[in-house]
Amino acid sequence: MHTEAIQGLLSEPDGLAAKAMVTLGASPMAVGEAARAALGPGGEPTIEAVPFAAQSKKALELTLRDALRLGHPFIGTEHLLLGVLSLDDEPVARAPAELGVTKEPAEREIVRTLGEILRDTMA
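Small disclaimer: the values here were computed from a predicted structure and weren't measured.

Asks: It is not clear to me how the nonpolar core should be interpreted in this structure. Could you clarify?
Replies: Inside soluble globular proteins, nonpolar side chains tend to come together where they are buried. Residues Met 21, Leu 81 and Ile 110 are the most contacted members of the largest nonpolar core, which totals 15 residues. At the level of elements, helix H1 (3-10), helix H2 (16-23), helix H5 (77-85) and helix H7 (103-122) are the ones that each hand at least two residues to this core. Per-element accounting of this core gives the leading share, four residues, to H2. Once residues lying within four places of it in the same chain are set aside, the contact partners of Ile 110 are Ala 20, Glu 78, Leu 81 and Leu 82. With six residues, the next largest nonpolar core counts Ala 59, Val 84, Val 92 and Ala 93 among its residues.

Okay, here's the thing in structure tokens:
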């Protein structure tokens, strides 16, 4: 999984993934820089069908698993973040972890934020 995975999460500044990272003390710019340092700059965008790398497939499977485990009928940036952070031994997860963004605190923040959103919509 290249830096595009993290950059994709960070390209949605209003997404729960970016907000959770900021709450945990890591700016989107810092996370992007750490990912580029750990993984390299990534490839050029292409319109060709490129098969997913094994690491990317695993992250997407973990993304779905986390969304289902949390009882969410959707997949958002927050689930993608949790899926990426589940790849403990991979550079893509180590880069945010070095800035204090790890799975358990990120999940707590995401669950808290989604709870607030749900309460606000029910009020």
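Asks: Where do I start with the side chain of Glu 107 in this structure?
Replies: For Glu 107, the position within the fold is in helix H7. A distance of 2.7 Å separates the side chain of Glu 107 from the side chain of Arg 69, its partner in a polar contact. Aside from chain neighbours lying at most four places away, what touches Glu 107 is Arg 69, Leu 70 and Leu 82.

Asks: Teacher, can you tell me more about H5 here?
Replies: Three- or four-residue spacings in an α-helix give side chains the same orientation, since the helix completes a turn every 3.6 residues. Most of H5 is tucked away: eight of the nine residues are buried. Turning to H5, its buried residues are Thr 77, Glu 78, His 79, Leu 81, Leu 82, Gly 83, Val 84 and Leu 85.

Asks: Sorry if this is basic, but what is going on with helix H4 (residues 54-69) here?
Replies: Its 16 residues give H4 an end-to-end C-alpha distance of 22 Å, which sits within 8% of 22 Å, the value for a rise of 1.5 Å per residue. When we look at burial in H4, the residues that qualify are Gln 55, Ser 56, Ala 59, Leu 62, Thr 63, Asp 66 and Ala 67. When H4 is viewed along its axis, its buried side chains cluster within an angular range of 135° and face the same direction. When the buried face of H4 is taken as reference, the exposed residues oriented beyond 90 degrees from it are Ala 54, Glu 61, Arg 65 and Leu 68. Immediately beyond the C-terminal end of H4, within one or two residues, lies Gly 71, with a positive phi of roughly 75°.

Asks: Where do I start with the packing of H5 against H7 in this structure?
Replies: Relative placement of two packed helices is described by the angle separating their axes and the distance separating the axes. Where H5 contacts H7, the two axes come as close as 10 Å, and the packing angle between them is 165°. In terms of orientation, H5 lies roughly antiparallel with respect to H7. Of the two possible hands of crossing, H5 and H7 adopt the one that is left-handed. Residue-level inspection shows Glu 78, Leu 81, Leu 82 and Leu 85 of H5 in contact with H7, the latter providing Lys 103, Ala 106, Glu 107, Ile 110 and Leu 114. Residue classes in the contact of H5 with H7 are distributed as six nonpolar, no polar and three charged.

Asks: What is the right way to look at the pattern of salt bridges in this model?
Replies: Side chains that differ in charge, positive against negative, can pair when their charged atoms come close. Using the criterion set out here, one finds five salt bridges in the structure. For the salt bridge of Lys 103 with Asp 66, the shortest nitrogen-to-oxygen distance reads 3.0 Å. Taken as a pair, Lys 103 in helix H7 and Asp 66 in helix H4 lie far apart in primary sequence, 37 residues in all. Across the pair Glu 116 and Arg 112 runs a salt bridge, and its minimum N-O distance is 2.3 Å. Here Arg 112 and Glu 116 lie together in helix H7, a separation of four residues that amounts to about one turn. Residue Glu 116 is classed as partly exposed on the basis of its relative accessible area, which comes to 33%. In this structure, a network of salt bridges that share partners links the residues Asp 66, Arg 69, Lys 103 and Glu 107.

Each value, and the rule that gives it
- Residues numbered from 1 in each chain as written.
- Predicted model: local features only at pLDDT ≥ 70, side-chain atom pairs only at ≥ 80, totals over all residues.
- Heavy atoms only, no water.
- Core = buried A, V, L, I, M, F, W, Y, C linked by side-chain atoms within 4.5 Å.
- Buried < 20%, exposed > 50% of the residue type's maximum accessible area, 1.4 Å probe, protein only.
- Helix = DSSP H or I, 4+ residues; strand = E, 2+ residues; numbered from the N terminus.
- Contact = heavy atoms within 4.5 Å.
- Polar contact = N/O pair within 3.5 Å; in protein donor to acceptor, adjacent residues only side chain to side chain.
- Expected span 1.5 Å × (residues − 1).
- Arc of directions from axis to C-beta.
- Axes fitted to C-alpha atoms, helices over the stretch in contact; angles between N-to-C directions.
- Parallel < 35°, antiparallel > 145°, perpendicular 65-115°, else oblique.
- Left-handed = near helix turned anticlockwise from the far one by under 90°.
- Nonpolar A, V, L, I, M, F, W, Y, C, P; charged D, E, K, R; others polar.
- Salt bridge = Lys/Arg side-chain N within 4 Å of Asp/Glu carboxyl O.

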